[in-house]
Amino acid sequence: MTSDVSVTIHGSRGSYPVCGQEFARYGGNTSCVSFRAGQREIILDAGSGIIEHGRQLVKDSFASNRPIHASIFFSHAHFDHLIGLPYFPPVYIPNATLHLFGPRFGSVQSFEETIHNLIRSPYYPVALNEMTALKHFYDIGEVDRVYFLRDRVEPFMVRATHPSEAHLLPDPADVEIEVQCLRGFNHPKSGVNMYRVTAGSKSFVYATDTEGYVHGDRRLAEFSRGADLLIHDAMYTEAHYTSMPAPTQGYGHSTVAIAAELARQAQVSKLCLFHHDPKSTDRDLDAIDDLGKSLFAESFAARDGLTIKL
Ligand SMILES: [Zn+2]
Ligand SMILES: [Zn+2]
């Protein structure tokens, strides 16, 4: 199975979608990535990039006569990571099943409530409970592991760090995909979930909307150690980040240098520079791509539609 593992970028922007000639090569959709291992797929974030991907899932489902089971892991609930969900065609397919994983907001609000607060009138005409797909919501944090097991369609979530549940951990031989979560507290105002996704000997880390620390984010470096691919926020140039009178330090995003330093510390094989500023044109992103390669040789700027084999 490990020979057939890949990651596809469906939306590589941050903040808001863009279109036009100067954005044509890298694309203008907001954050969405899918991870595929054999016939299994999971999706990370539901920015505008998820919409076209959802159309493909519906086409494939009709062609194969197999119902859709889509699992989406959300980093957080900012618009650019969520706005594609009400337009994701599978939510209107009656026999589709969606598994939606995301962080609780504070200590009281479930992820389902967070989504419900946005996808309802007067913001959107169709409420969550009027969407015909079957939806399961999960609050996911650092203590949880999600497993996609051989011969089982539904995901299986367990509090893996609690000794009383150790006996629930699946036999590794049955695990097709495992998802681990790391909380990041450096993104306003409620942090983000970062994910490490593993299939066999291959793994990738999705770390968007995160800002580095002095000497690097040690927890994230440990979490990412040895991954085949690290997708890391690289929204800003050094000039954006530090120039007066409006530096972007503290906005919860990283520079190319911060991403490259983390990739070096974590000794990952490849670095994907992600969550592009919507103002960055293709020419700007070519420069970011070059800068990335000068700091970490196996790096590249994310581009909508790009598939990376692990
Ligand atoms: Zn974002
Ligand atoms: Zn954000």
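As a reminder, the structure under discussion sits directly above these lines.
Note that the coordinates shown come from a computational prediction; the quantities given were computed from them, not determined experimentally.

Quick notes on the rules
- Residues numbered from 1 in each chain as written.
- Chains lettered and ligands numbered in written order.
- Predicted model: local features only at pLDDT ≥ 70, side-chain atom pairs only at ≥ 80, totals over all residues.
- Heavy atoms only, no water.
- Helix = DSSP H or I, 4+ residues; strand = E, 2+ residues; numbered from the N terminus.
- Rg over C-alpha atoms; globule rule 2.2 N^0.38 Å.
- Contact = heavy atoms within 4.5 Å.
- Areas by Shrake-Rupley, 256 points an atom, 1.4 Å probe, with all protein chains shown as cover.
- Lys, Arg positive; Asp, Glu negative; His and termini not counted.
- Charge placed at Lys NZ, Arg CZ, Asp CG, Glu CD.
- Axes fitted to C-alpha atoms, helices over the stretch in contact; angles between N-to-C directions.
- Left-handed = near helix turned anticlockwise from the far one by under 90°.
- Buried < 20%, exposed > 50% of the residue type's maximum accessible area, 1.4 Å probe, protein only.
- Pairing = 2+ DSSP bridges.
- Donors = N, O, S within 2.8 Å, 3.2 Å for Na, K, Ca; no water.
- 1 Å grid on protein atoms, 1.4 Å probe; cavity = no way out; pocket = protein on both sides within 12 Å on 5 of 7 lines; lining within 4 Å.
- Points joined across faces, edges and corners; volume = space filled by probe spheres on them.
- Nonpolar A, V, L, I, M, F, W, Y, C, P; charged D, E, K, R; others polar.
- Salt bridge = Lys/Arg side-chain N within 4 Å of Asp/Glu carboxyl O.
- Phe/Tyr/Trp six-rings, centres within 6.5 Å; stacked < 30°, edge-to-face > 60°.

(A) Highlighting the overall build of the protein chain. The number of helices and strands found in the protein chain is six helices and 15 strands. The C-alpha atoms of the protein chain give 19 Å as radius of gyration, which agrees with the globular expectation for 310 residues (19 Å, within 12%). Dimensions of the protein chain, computed from C-alpha atoms along their principal axes, come out at roughly 50 × 45 × 40 Å. Restricting the contact set of the protein chain to residue pairs at least 6 apart, pairs at least 24 apart contribute 67%. With an accessible surface of roughly 13900 Å², the protein chain has 54% of that area assigned to carbon and sulfur atoms. Charge separation in the protein chain, taken as the distance between the mean sites of 28 positive and 36 negative side-chain charges, equals 1 Å.

(B) Seen up close, the packing of helix α5 (residues 256–266) against helix α6 (residues 282–295). Packing of α5 against α6 brings their axes to within 9 Å, and their N-to-C directions diverge by 35 degrees. The element α5 and its partner α6 pack so that their crossing is right-handed. Between α5 and α6, the residues in contact are Val256, Ala257 and Ala260 and Ile288, Leu291, Gly292 and Leu295, respectively.

(C) Examining the environment of Gln267 more closely. For Gln267, the position within the fold is in the loop between α5 and β13 (271–274). Overall, the relative accessible area of 58% leaves Gln267 in the exposed class. Along the primary structure Gln267 and Phe23 are separated by 244 residues, whereas in three dimensions their C-alpha atoms are 31 Å apart.

(D) Seen up close, the pairing of strand β10 (residues 192–199). Counting buried positions along β10 yields eight of eight residues, so the element is predominantly enclosed. Side-chain alternation along β10 places Val192, Met194, Arg196 and Thr198 on one buried face and Asn193, Tyr195, Val197 and Ala199 on a second face that is also buried. Pairing geometry for strand β9 (residues 175–184) and β10, over seven bridges, is antiparallel. Its bridge partner lying in β10, Gly184 is registered against Val192. The sheet contact formed by β10 and strand β11 (residues 202–207) spans five bridges and is antiparallel. Considered in β11, the bridge of Arg196 is made with Val205. Between β10 and β11, which pair antiparallel in sequence order, lie two residues; one of them, Gly200, sits at a positive phi of approximately 60 degrees.

(E) Local environment of the coordination of the zinc ion (ligand 2). Looking at the zinc ion (ligand 2), one finds its protein donor set to be His76 (NE2), His78 (ND1), His187 (NE2) and Asp209 (OD), positioned 2.1 to 2.5 Å from the metal centre. Of note, the donors binding the zinc ion (ligand 2) are all from one chain and are spaced H-x1-H-x108-H-x21-D. Metal-to-metal, the separation of the zinc ion (ligand 2) and the zinc ion (ligand 1) is 3.5 Å; Asp209 coordinates the two. Of this pair, His76 sits in the loop between β4 (69–73) and β5 (97–102) while His187 is found in the loop between β9 and β10, placing the two residues 111 residues apart along the sequence. On the basis of relative accessibility, which here comes to 3%, the residue His76 falls in the buried class.

(F) Here's a closer look at the layout of surface pockets. By volume, the largest pocket amounts to about 670 Å³. What lines the largest pocket is a set of 21 residues, among which Gln39, Arg40, Arg66, Pro67 and His69 lie closest to the centre. Where the lining of the largest pocket is concerned, the elements lending two or more residues are β3 (40–44), α1 (49–64), β4 and β7 (144–149). Looking at the lining of the largest pocket, the element that brings in the most residues is α1, giving four residues. A breakdown of the residues in the lining of the largest pocket according to their chemical character gives seven nonpolar, five polar and nine charged. Considered as a void within the structure, the second largest pocket measures approximately 310 Å³ in volume.

(G) Expanded view of the pattern of salt bridges. Under the definition given, this model contains twelve salt bridges. The salt bridge involving Arg25 is made with Asp286; its shortest N-O contact spans 2.8 Å. A residue pair is termed long-range when its members are at least 10 positions apart, and Arg25 in the loop between β1 (5–11) and β2 (32–37) and Asp286 in helix α6 qualify at 261 residues. Arg25 gets classed as partly exposed once you look at its relative accessible area, which sits at 45%. In this structure, the salt-bridge partner of Glu222 is Arg225, at a minimum N-O distance of 3.3 Å.

(H) Summary view of the packing of aromatic side chains. With the rule as written, the count across this model stands at nine aromatic pairs. Ring geometry for Phe101 against Tyr138: centres 4.2 Å apart, planes inclined by 10 degrees, an arrangement best described as stacked. Of this pair, Phe101 sits in strand β5 while Tyr138 sits in strand β6 (residues 134–139), and the two are 37 residues apart along the sequence. Site record: aromatic cluster; members linked through ring pairs are Phe73, Phe101, Tyr138, Phe148 and Tyr195.

(I) Structural context of the sheet that holds β3. The seven strands are arranged β6-β5-β4-β3-β2-β1-β15 in an open sheet whose pairing can be described as mixed. Since the sheet does not close on itself, it has two edges, and those belong to β6 and β15 (307–309), each with one partner. When strand polarity is set aside, the average angle formed by the axes of neighbouring strands in this sheet is 20 degrees. The pairing of β1 with β15 spans three bridges and is classified as antiparallel. Opposite Ser6, over in β15, you have Lys309 as the bridge partner. Packed onto the sheet, α1 meets β1, β2, β3 and β4 and runs at close to 160 degrees relative to β3.

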